[in-house]
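Commentary on secondary and tertiary structure
Residues per chain are reported as follows:
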2 protein chains.
Amino acid sequence: MFSCKSTTTVTSSLLRPRVSTSTWRPRRQWRYGRSFATSSPRLIAVTEMTERDFAALRINEKRLMSDLHATCEWGKGERWGDGETDIGMSRLSLSDADKQARDWFAETTQSLGCKVTVDAMGNQFAVRPGTSDGVPVYAGSHLDTQPTGGRYDGILGVCAGVEMLKTLNDNWVETSYPVGVVNWTNEEGARFPKSMVSSGVWAESIPLEDAHNLKSVIPANDTATMKSELERIGYLGSTPASYKSTPMAAHFELHIEQGPILEAGDRRIGVVRGVQAYKWFTVTVRGRDSHTGATQFRHRADALLTASKMIIASHKIAHKHSALASTGILTLKPGSTNTVPGFVQFSLDIRSPRNETVDEVEAECKKAFEEIAAGEDIDTGSAPSERHCSVEWKTDFVSPATFFHDDCIKCVQEAGNDLCGQGEVKDLDIGAWGKFMTSGAGHDSVYTNKRFPTSMIFVPCRDGVSHNPAEYSSPEACADGANVLMGAVLRYDKLRAGRGH
Amino acid sequence: MFSCKSTTTVTSSLLRPRVSTSTWRPRRQWRYGRSFATSSPRLIAVTEMTERDFAALRINEKRLMSDLHATCEWGKGERWGDGETDIGMSRLSLSDADKQARDWFAETTQSLGCKVTVDAMGNQFAVRPGTSDGVPVYAGSHLDTQPTGGRYDGILGVCAGVEMLKTLNDNWVETSYPVGVVNWTNEEGARFPKSMVSSGVWAESIPLEDAHNLKSVIPANDTATMKSELERIGYLGSTPASYKSTPMAAHFELHIEQGPILEAGDRRIGVVRGVQAYKWFTVTVRGRDSHTGATQFRHRADALLTASKMIIASHKIAHKHSALASTGILTLKPGSTNTVPGFVQFSLDIRSPRNETVDEVEAECKKAFEEIAAGEDIDTGSAPSERHCSVEWKTDFVSPATFFHDDCIKCVQEAGNDLCGQGEVKDLDIGAWGKFMTSGAGHDSVYTNKRFPTSMIFVPCRDGVSHNPAEYSSPEACADGANVLMGAVLRYDKLRAGRGH
C-alpha cells in the first residue's frame, strides 16, 4: 500500500545539501532562513548558467512521482487497474481531502524555505527568494480534481513546481529574482460551477463576491458556498485576491495534454501557444408533463426528445465547423418512468481555437434549437406533434481565445530543445493545430496571461484520456514536463536579469 | 382559501337521513352499527330497483368535488392558474401527506358504516355490508400522485367511491351483497419505482418481499423502503396482501382518460375494454469520461450523445408501429460541464394495445441501440469516432395487454346508457381504438382483472393532460363518472343476485 508517510521522508531528505555533479561555482552564502549545519554549499547563479549548465540540471523523477502519488492518497477515486496507483481521483475543491493536499503544499514549500501567502480565494503562493527582490516568476496549476478525475490533471503541474524548488535547493541554484509555485483554487469548476474562478478573481476578471457566493453543485443538495468552504477548511486568506497584491513576472504551467496529439505524433513535449476560445451555456427546454401511456405522440411536447435532438444538432453543427460542442450535464423534471418530461435543462460547451467560429456555432445552434423546439426541423421518421416546446439560453461563461506571450513560449521552446534536441520540439508541426499547440481545455494560465507573460508546457497522456480515473502519464513524461517547466522558469529568470529588470 | 374543515362538515351532514324523492320502499330496519335517533328510513333493495329507479339515483356533484378538493389540501403541488383549486398535486406514496389522505379515507368510510381493512401493502378496503354476506363488489383507485401530478388521476376514482357510499346511505339503498371502496398503495410507481405494485402483490403477481424492499427514488438520497414507510406512517396492515384474504366479486375503476379522445369526440363517458400492453426497461450506456475541450470528436465515446440518438431511434421505431416509446428518467455521470459523460442510464417505456407490437418495438430498439452504440448507424453530419459505447438492457416491468370482463363492461355500458342516452355510449366508435376504449395507462384494474371480473370507466380531461399540475376534469365530467361508477356497481350487484351468487 502506498503510504502518505513517503512524502515526509522525501521532503526531509531534501534538507540535506547534496554535492552536485555539475560545474556550478559557489558564489555566496546561502541566505534563506534554514540551517545547514554541515558542508560548505556551492551556490550557482542562474545569470551565470550556460546552456550546458542548464542541460546538467535535472529534476528527480522518482521523487516527483513519489510526491505526486503520495498527495493522491487524499481524495482517492475509482480503481481502474491492478497497479498500486491505478486509482482515479475525486478531490473536489475545498473538500476535506483538498484541505489535506493544501496543507501538504504549504508545509512542504515552507520547509523548502518558501514564504506562503494565501489570498481571499484560497490561492496559495509559495515564493523562494532570489538574489534580488522583485516580482516572482511562478510555476502554477491546481490540486483539485473532477469528481471522477485522474492523478495528473493539475496535480502534476503543482507537484512539478514543488519538485523544481527541491531541485533548486539540492543544487544550490540561486535565481536572480524570486521564483514561486501557485496552487489555484477550484480550477475544475466541478464543485463550484465556474472553472478557473480563483485565477479569474485574481486577474480581476471575476468579482470576488460572485465567486464567494458560488454554490456547491457536488454533492447534491449541498448548501455550501465557496466562501463558507474556504472558511470551514481555514483557507480564506487575508491577502486580497488580486494580481495587484500578488503580481507575477511570468506564469508557466505544466499540464498533461488531455488529448491524443502528442502521443499520436510520438512527441515528448508540446509548446503551447494559446488556449481555445470557449463558451458555456445552460439551455432550458420547456414542454409539458404528460402520461407516457395515455398521450399519443401528436399530443406531446416532450422536452427530453426535443433536448436529444438539440444535443445531436449541436454536435453536427460543431463538426461542420471543425469546432467542439459537448453536453456534460442534463437534468429533467419530473423524472418518472411513466411521465413524459416537461422540463429539461442541459449544459452546452462550445469550443474552437477561433473566437469567430465559437460565435458561428452558437448562432447556428440557436437557430437550430428554435426550429427543433417549434417542431420545424425535418426529422425523417419522427412523429409530428401539435404541441411544441420552448427553448431558452443562458450564457454562463465566455473565455475568448488566448495567445500566450512570445518570451514565455521561447523559454519553453529552448527548455524543450535542451531536453529533447532541436528537431524534437522545433519541428512540431501538428496539422490543424499549427506549428505549436493550442490547448483545448481552459487553464488558470488563461487568466494569468491577461495580466502577465504566460505560457504552458504539455506532456503526452495515454490515449488522450483526461477527466477520467484512468488518466495516465508515464513517469518519464511527467519528468520531461517537470524538467522543461524548471528550464523555462530559469531561462525566464535569466532573460529578466539580462534585460535588467 | 379552501379549508380542510369543509370535509368534516360535509361528512357530518351525511349522518342525517334525508327523505328521498324516489319511489323506493322501506324494507327492513337499517342494520349498520350507527344510531339514527329520528325518522323512519325507507330502505330500497337493489334487487328490486328498475331502470327507472337507477336513473333516479344520482350522486351529489357538489359534495363529490368538495371532498376531492378538500383531500387535495394534503400534498399540494404547483399552482398553474388563478382559481382556488388551480393547484397541482405532489402527494407521493406513503409520505406524510399520503398518510393524511389515508386517514381521511379510513375515518370517512368508517363514519359511513364501513369496516376498513388494511393489508400488508397498506391497501385500504372499506366495506359496506349488504343484505347477504358475501364477497364485495369494489370501486377502487388510488390516492397517491406523481411528483408533479394533478387532482384527478386516481383521486377522482377513490372520491367517487366514497361519494357512492354516501349516496347509498342517503338514499337507504340496500345492496344484496357488500360493496366496498379500495385505496391501492403506490399505484403511480413514482416514489417506489414499480407502478401498481400493491394491487400486484394483492394479485400475487409480485412477491411481497420484493415490494417491501423497493427503495424510494424521490426525494433523492432517501433511504426509505416501502416497508419502512408503511411502518413509519402506521399503514403496515396485519391482513395478508392477497386476493385470497380480500377477495372481490368485481372491481370497477373510474379514471380520467389521460388522453384527448373523449374530449375530441365530445363524449361524456368512455367504456374501457382493456389496457395497453407495456414494458419498462432501464437502458445503460457506457462510454468514456473525457475532457470536452481537449478530446476531439473522433476520440470520444460520448454516452449522452449516444443515448440521445437512442431516444430518438426508439421514438421513430414506435411511431412506425403506431406504438408508443417514452423516456421519463435520464441520469448521467460524472455530471460536469467540461466532462463528456461516460455513463448514461435512461428509462424506456414501450406501449401498444397488442403484446406482439410491444415485442416488435423492443426487438427493433435493441438492434438499433446496438448499432448506435457501435457507431454503425448512418447519421448524416455526425462526426465519426474510433471509440464506441456499450449498451445494456434491463427489463423492469412487463404488463401484457389486459382484456376486461364482459359482465363488467356490460354494467358500465348500461350505466353509461342510463346517464347519457343509448347513442352516446353505444356508438362510441373511436377510430383505431376500437368500438370501446383501450386504456393507454396501466391501472390497478390490470391486476384485479387477473383474479376477478373488472372494468373501467373513463371521463374526459382537458386537452388530454395528465401527470401534470394542470390536469383538469370539469365537475360535470367528474359527476358523470361517479354516477356511472355507482350505476355499474349496483347493476353488478343486481346481476349477481339474479344469478343467485
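Bear in mind the structure is a predicted one, so any value in this text is a computation, not a measurement.

What follows concerns the relation of the copies chain A and chain B. Of the transformation superimposing chain A on chain B, the axial component is 0.1 Å and the angular component is 180°, with the fit at an RMSD of 0.1 Å. Such a combination of rotation and displacement between the chain copies is what one expects of a two-fold axis. Among all C-alpha atoms of chain A, that of Ser 308 of chain A lies closest to the rotation axis, at 2.3 Å. Here 100% of the interface residues in chain A have copies in chain B that are interface residues too; the copies meet face to matching face.

To continue, consider the layout of surface pockets. Each pocket or cavity is described by its volume, and for the second largest pocket that value is around 810 Å³. If you trace the second largest pocket, you find 28 residues lining it, with Ile 312, Lys 316 and Asp 379 of chain A together with Lys 316 and Asp 379 of chain B closest to the centre. Looking at the lining of the second largest pocket, the elements that each hand over two or more residues are helix 10 (303-320) and helix 11 (355-373) of chain A together with helix 10 (303-320) and helix 11 (355-373) of chain B. With 6 residues, helix 10 of chain A is the largest single contributor of residues to the lining of the second largest pocket.

Each side of the interface is counted separately: chain A has 70 residues, and chain B has 71 residues. Taking both partners together, chain A and chain B bury about 6,100 Å²; carbon and sulfur atoms supply 58% of that area. On the chain A side of the contact with chain B, Phe 297, His 315 and Thr 337 of chain A bury the most area, a combined 11% of that side's loss. The interface formed by chain A and chain B holds 2 salt bridges in total. Counting across the interface, chain A meets chain B through 26 residue pairs in polar contact (both at pLDDT 80 or more). Secondary-structure elements contributing two or more residues to the side of chain A that touches chain B are strand 12 (290-291), helix 10, strand 13 (324-326), strand 14 (330-333) and strand 16 (343-352) of chain A. A per-class count over the side of chain A that touches chain B returns 26 nonpolar, 32 polar and 12 charged.

Moving on to the confidence of the model for chain A. Low-confidence regions, as indicated by low pLDDT, have predicted coordinates that should not be scrutinised in detail. Looking at chain A, the pLDDT average stands at 88 and 89% of residues meet or exceed 70. Across residues 425-435 of chain A, confidence stays below pLDDT 50; counting only partners more than four residues off in sequence or on other chains, it has 29 contacts.

Applying the stated criterion across every chain, the model contains 28 aromatic pairs over all chains. Taken together, a centroid distance of 5.1 Å and an interplanar angle of 75° make the contact between Phe 281 of chain A and Trp 393 of chain A edge-to-face. Of the two residues, Phe 281 of chain A sits in strand 11 (residues 277-286) while Trp 393 of chain A sits in strand 17 (residues 390-399), which places them 112 residues apart along the sequence. Seen in terms of ring centroids, Trp 280 of chain B and Phe 397 of chain B are 5.8 Å apart; in terms of plane orientation they differ by 50°. Their pairing is tilted. Note that Trp 280 of chain B is positioned in strand 11 (residues 277-286) and Phe 397 of chain B in strand 17 (residues 390-399), a separation of 117 residues in sequence.

This next bit is on unusual backbone geometry. Residue and element names in this part refer to chain A. In this chain, Lys 333 is followed by Pro 334 through a cis amide linkage whose omega measures 0°. By the element assignment, Pro 334 lies in the loop between strand 14 and strand 15 (339-340). Of note in this structure, Met 196 is not a glycine but carries a positive phi near 55°. Mapped onto the fold, Met 196 is located in the loop between strand 8 (179-184) and helix 6 (197-202). At His 467, a position not held by glycine, the phi torsion is positive, near 50°. By secondary structure assignment, the location of His 467 is in the loop between strand 20 (454-459) and helix 15 (475-499). A relative accessible area of 2% means that His 467 is categorised as buried.

Further remarks concern the environment of Lys 244 of chain B. Residues and elements named next belong to chain B. Examined against the element boundaries, Lys 244 turns out to sit in the loop between helix 8 (226-232) and strand 9 (250-256). It is 8.6 Å that separates the C-alpha atoms of Lys 244 and Ala 203, two residues lying 41 residues apart in sequence. Of the polar contacts made by the side chain of Lys 244, one reaches the side chain of Glu 204; its length is 3.1 Å.

So, on to the pairing of strand 6 (residues 137-142) of chain B. All names here are of chain B. The buried fraction of strand 6 is high, at 6 of 6 residues. Judged by which residues are buried, strand 6 turns out to be covered on both faces: Val 137, Ala 139 and Ser 141 on one side and Tyr 138, Gly 140 and His 142 on the other are all buried. Note that strand 6 and strand 8 (residues 179-184) share 6 bridges and pair parallel. Counterpart to Ala 139 in the pairing with strand 8 is Val 181. Two strands pair when backbone bridges link them, and strand 6 and strand 9 are joined in this way by 3 bridges, in the parallel orientation. The residue bridging Val 137 from the neighbouring strand is Ala 250, located in strand 9.

Residue and element names in this part refer to chain A. Burial of strand 5 (residues 124-128) is extensive: 5 of the 5 residues sit out of reach of the surface. Side-chain alternation along strand 5 places Gln 124, Ala 126 and Arg 128 on one buried face and Phe 125 and Val 127 on a second face that is also buried. Here 4 bridges tie strand 4 (residues 115-118) to strand 5, and the two strands are oriented antiparallel to one another. The partner of Lys 115 across the bridge, within strand 5, is Val 127.

What follows deals with the side chain of Arg 300 of chain B. Within the secondary structure layout, Arg 300 of chain B lies in the loop between strand 12 (290-291) and helix 10. Here Arg 300 of chain B sits buried without a salt bridge, and the closest side chain of opposite charge, Asp 302 of chain B, lies 4.3 Å off (N-O distance). In terms of polar contacts, Arg 300 of chain B uses its side chain to reach the side chain of Ser 326 of chain A, at 2.8 Å. Only 2.8 Å separates the side chain of Arg 300 of chain B from the backbone oxygen of Thr 292 of chain B, close enough to count as a polar contact. Discounting residues that sit within four places of it in the chain, Arg 300 of chain B has contacts with Leu 324, Ala 325 and Ser 326 of chain A together with Ser 290, His 291, Thr 292, Thr 295, Val 340, Ser 385 and Arg 387 of chain B.

Here we take up helix 10 of chain B. Since there are 3.6 residues in each turn of an α-helix, residues three or four apart along the chain are aligned in direction. Residues and elements named next belong to chain B. Taking 1.5 Å of rise per residue, 18 residues should cover 26 Å, and helix 10 covers 26 Å from first to last C-alpha, within 8% of that figure. In terms of residue burial, helix 10 counts as a mostly covered element, since 15 of its 18 residues are buried. Residue Asp 302 occupies the N-cap position of helix 10, its side-chain oxygen lying 3.0 Å from the main-chain nitrogen of Leu 304.

The next subject is the packing of helix 5 (residues 155-170) of chain A against helix 15 of chain A. Residue and element names in this part refer to chain A. Running from N to C, helix 5 and helix 15 point in directions that differ by 60°, and their axes come no closer than 9 Å. In terms of axis orientation, helix 5 runs oblique to helix 15. Crossing of helix 5 over helix 15 shows right-handed handedness. Packed against helix 5, whose contacting residues are Leu 156, Gly 157, Ala 160, Gly 161, Met 164, Thr 167 and Leu 168, the element helix 15 presents Cys 478, Ala 482, Leu 485, Met 486, Val 489 and Leu 490 at the interface. Classifying every residue of the contact of helix 5 with helix 15 by side-chain character gives 10 nonpolar, 3 polar and no charged.

Let's shift gears to the environment of Glu 204 of chain B. All names here are of chain B. Mapped onto the elements of the fold, Glu 204 is located in the loop between helix 6 (197-202) and helix 7 (208-212). Judged by relative accessible area, which is 39%, Glu 204 ranks as partly exposed. Here the alpha-carbon distance between Glu 204 and Tyr 243, two residues 39 residues apart in the chain, equals 7.4 Å. Beyond its immediate stretch of four places on either side in the chain, Glu 204 contacts Ser 242, Tyr 243, Lys 244 and Arg 451. There is a polar contact of 2.7 Å between the side chain of Glu 204 and the side chain of Ser 242.

Glancing now at helix 14 (residues 444-451) of chain A. Of all 8 residues in helix 14 of chain A, 6 are buried; the element is thus mostly enclosed. Here helix 14 of chain A has its buried residues at Asp 444, Ser 445, Val 446, Tyr 447, Thr 448 and Asn 449 of chain A.

Attention now moves to the packing of helix 3 (residues 61-71) of chain B against helix 15 (residues 475-499) of chain B. All names here are of chain B. Between helix 3 and helix 15, the least distance of the axes is 9 Å, while the angle of their chain directions is 105°. Considering the angle they form, helix 3 stands roughly perpendicular to helix 15. Along its contact with helix 3, which presents Glu 61, Leu 64 and Met 65, the element helix 15 presents Pro 475, Glu 476, Cys 478, Ala 479 and Ala 482. Classifying every residue of the contact of helix 3 with helix 15 by side-chain character gives 6 nonpolar, no polar and 2 charged.

Procedures and definitions
- Residues numbered from 1 in each chain as written.
- Chains lettered and ligands numbered in written order.
- Predicted model: local features only at pLDDT ≥ 70, side-chain atom pairs only at ≥ 80, totals over all residues.
- Heavy atoms only, no water.
- Least-squares fit on C-alpha atoms with pLDDT ≥ 70 in both.
- Contact = heavy atoms within 4.5 Å.
- 1 Å grid on protein atoms, 1.4 Å probe; cavity = no way out; pocket = protein on both sides within 12 Å on 5 of 7 lines; lining within 4 Å.
- Points joined across faces, edges and corners; volume = space filled by probe spheres on them.
- Helix = DSSP H or I, 4+ residues; strand = E, 2+ residues; numbered from the N terminus.
- Buried area = accessible area lost by both parts, 1.4 Å probe.
- Salt bridge = Lys/Arg side-chain N within 4 Å of Asp/Glu carboxyl O.
- Polar contact = N/O pair within 3.5 Å; in protein donor to acceptor, adjacent residues only side chain to side chain.
- Nonpolar A, V, L, I, M, F, W, Y, C, P; charged D, E, K, R; others polar.
- pLDDT = per-residue confidence, 0-100.
- Phe/Tyr/Trp six-rings, centres within 6.5 Å; stacked < 30°, edge-to-face > 60°.
- Buried < 20%, exposed > 50% of the residue type's maximum accessible area, 1.4 Å probe, protein only.
- Pairing = 2+ DSSP bridges.
- Lys, Arg positive; Asp, Glu negative; His and termini not counted.
- Expected span 1.5 Å × (residues − 1).
- Axes fitted to C-alpha atoms, helices over the stretch in contact; angles between N-to-C directions.
- Parallel < 35°, antiparallel > 145°, perpendicular 65-115°, else oblique.
- Left-handed = near helix turned anticlockwise from the far one by under 90°.

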